[in-house]
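As a plain string of letters, each chain reads:
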Amino acid sequence: MKQKKFGVKGPEVSVIGQGTWYIDRGDRKSAVAALCRGIELGMTHVDTAEMYGDAEPVIAEAMAAGKREDLYLVSKVLPSNASRRGTIAACERSLKRLKTDHLDCYLLHWRGSHELEDTVAAFDQLISAGKIRSWGVSNFDTDDLNELLAVAGEGRIACNQVLYHLQERAIEHAVIPWCERHGVAVVAYSPFGHNDFPSPHSREGQVLQAIADARHVTARQIALAFLTRLAAVFAIPKAASAEHAADNAAAGKLTLSASEIEALDKAFPRGPKPRGLPML
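All of these numbers come straight from a predicted model, not from anything done at the bench. (Residues numbered from 1 in each chain as written. Predicted model: local features only at pLDDT ≥ 70, side-chain atom pairs only at ≥ 80, totals over all residues. Heavy atoms only, no water.)

1. Quick word on the side chain of His 45
As for its position among the elements, His 45 is in strand β3 (residues 45-47). A relative accessible area of 1% places His 45 in the buried class. If we skip the residues at most four places from it in the chain, His 45 touches Phe 6, Val 13, Ser 14, Gly 17, Gln 18, Tyr 72, Val 74, Val 187 and Ile 236. (Helix = DSSP H or I, 4+ residues; strand = E, 2+ residues; numbered from the N terminus. Buried < 20%, exposed > 50% of the residue type's maximum accessible area, 1.4 Å probe, protein only. Contact = heavy atoms within 4.5 Å.)

2. Topic: the environment of Ala 122
Considering the arrangement of structural elements, one finds Ala 122 in helix α4 (residues 116-128). Separated by 46 residues in sequence, Ala 122 and Glu 168 have C-alpha atoms that sit 33 Å apart. Apart from the residues lying within four places of it in its own chain, the contact partners of Ala 122 are Ser 83, Arg 84, Thr 87 and Ile 88.

3. Quick look at the pattern of salt bridges
Using the criterion set out here, one finds 15 salt bridges in the structure. Residue Lys 131 is joined to Glu 92 by a salt bridge in which the shortest nitrogen-to-oxygen separation is 2.5 Å. Of this pair, Lys 131 sits in the loop between α4 and β6 (135-138) while Glu 92 sits in helix α3 (residues 84-98); the two residues are 39 residues apart in sequence, bridging distant segments of the chain. By relative accessible area, which is 22% here, Lys 131 ends up partly exposed. In this structure, the salt-bridge partner of Glu 147 is Arg 111, at a minimum N-O distance of 2.9 Å. (Salt bridge = Lys/Arg side-chain N within 4 Å of Asp/Glu carboxyl O.)

4. Focus: the sheet that holds strand β5 (residues 105-108)
Judged by pairing direction, the sheet is parallel, and its seven strands sit side by side in the order β3-β4-β5-β6-β7-β8-β9 without closing on themselves. On the outer flanks of this sheet lie β3 and β9 (233-235), each paired with one strand and no other. Shown here is a sheet whose adjacent strand axes are inclined to one another by a mean of 25 degrees, direction ignored. Relative to β5, α4 is tilted by about 170 degrees, and along the sheet it contacts β4 (72-77), β5 and β6. Against the sheet, helix α5 (residues 142-152) makes contact with β6 and β7 (157-163), and its axis sits at roughly 160 degrees relative to β6, the strand it touches most. (Pairing = 2+ DSSP bridges. Axes fitted to C-alpha atoms, helices over the stretch in contact; angles between N-to-C directions.)

5. Considerations on the packing of aromatic side chains
In this structure the tally under the stated criterion is seven aromatic pairs. Here the aromatic rings of Trp 21 and Tyr 52 are separated by 6.2 Å at their centres, their planes lie at 20 degrees, and the arrangement is stacked. Note that Trp 21 is positioned in the loop between β2 (12-14) and α1 (28-40) and Tyr 52 in the loop between β3 and α2 (55-63), a separation of 31 residues in sequence. Take Tyr 52: its relative accessible area is 8%, and that puts it in the buried class. Geometrically, the ring pair formed by Phe 192 and Phe 197 is edge-to-face, given 5.7 Å between the ring centres and 90 degrees between the ring planes. Sitting over the face of the ring of Phe 234, Lys 4 holds its NZ or CZ atom 5.2 Å from the ring centroid. Above the plane of the ring of Phe 226 lies Arg 229, whose end atom (NZ or CZ) is 3.9 Å from the centre. (Phe/Tyr/Trp six-rings, centres within 6.5 Å; stacked < 30°, edge-to-face > 60°. Lys NZ or Arg CZ within 6 Å of the ring centre and 35° of its normal.)

6. Details of the pairing of β7
β7 sits mainly inside the fold: seven of its seven residues count as buried. The pairing of β6 with β7 spans three bridges and is classified as parallel. Pairing of Ser 138 across the sheet is with Gln 161, part of β7. Where β7 meets strand β8 (residues 185-189), five bridges bridge the pair, whose relative direction is parallel. The residue bridging Val 162 from the neighbouring strand is Ala 188, located in β8. On the question of chirality, the crossover connecting β7 to the parallel β8 by way of helix α6 (residues 175-181) is right-handed. (Right-handed = clockwise from strand over helix to strand, strands pointing away.)

7. Considerations on the packing of α3 against α4
At a minimum axis distance of 7 Å, the contact between α3 and α4 shows a crossing angle of 45 degrees. Accordingly, the angle class assigned to the pair α3 and α4 is oblique. You can see that α3 and α4 cross each other, and the crossing is right-handed. In this structure, α3 contributes Arg 84, Thr 87, Ile 88 and Cys 91 to the contact, and α4 contributes Asp 118, Thr 119, Ala 121, Ala 122, Phe 123, Gln 125 and Leu 126. In the contact of α3 with α4, the residues fall into six nonpolar, three polar and two charged. (Parallel < 35°, antiparallel > 145°, perpendicular 65-115°, else oblique. Left-handed = near helix turned anticlockwise from the far one by under 90°. Nonpolar A, V, L, I, M, F, W, Y, C, P; charged D, E, K, R; others polar.)

8. Some thoughts on the environment of Ile 236
Tracing the chain through its elements places Ile 236 in the loop between β9 and α9 (242-250). Along the sequence, Ile 236 and Asp 47 sit 189 residues apart, while their C-alpha atoms lie 7.3 Å from each other. In contact with Ile 236, other than residues within four places in its own chain, are Gly 17, Gln 18, Gly 19, His 45, Asp 47, Gln 161, Val 187, Ala 188, Tyr 189 and Pro 191.

Okay, here's the thing in structure tokens:
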């Protein structure tokens, strides 16, 4: 599994990680097995959130076999809880559900009504207390990022987690370049889309499948390799089974050629810059 530096001050983190949105909706035993298999194969970046129902306890079960020290563990605070006091309380609840004493990174899930100064102050307090090691955001467009930068200063924002998949490349216009300039990791959530992964029978899907067939890999592995082709970008696909986790992990070894990237870029054009940041 390839690893890359996670932001300016961050450690080396697996380029392919594990998302956990809706992981609590299916069979719990399979979910735990998928997480464990992913970790064994190097997908040690595990992402969750207080909004994700029982995902945090599922992760805690997966970590029960002594895997915590191997992980880069991330959770998120809901905007409604992101006051200074509320952020600290939310973090404490997540730590309790995860059965751990610290998070490697803690994110504001999306922009809300609470002042960024208060949320950042809470993050700083949590760092001082050893409860988190870094902090970042999710679903922030460049205007939000500029405002946050003015509050926090350079080198403080570890990452921005955003929607990014083959058919939704809006962040390439401004968000990725902004993050690259300021040393902020970009984490792609829902990297296969939301129940709309390209069909191998579609015109663009045929291009994707042809590249996968030539490489003797799966189309999803090619998709992940394309999304993470830039140094700043990581991806956190979800897996419902150990077999699915293994398929995702194999993408962490792939490097696409210039001609493959060009073909995918043509098949899945990024389109015009949108008025707002796409998100789920």
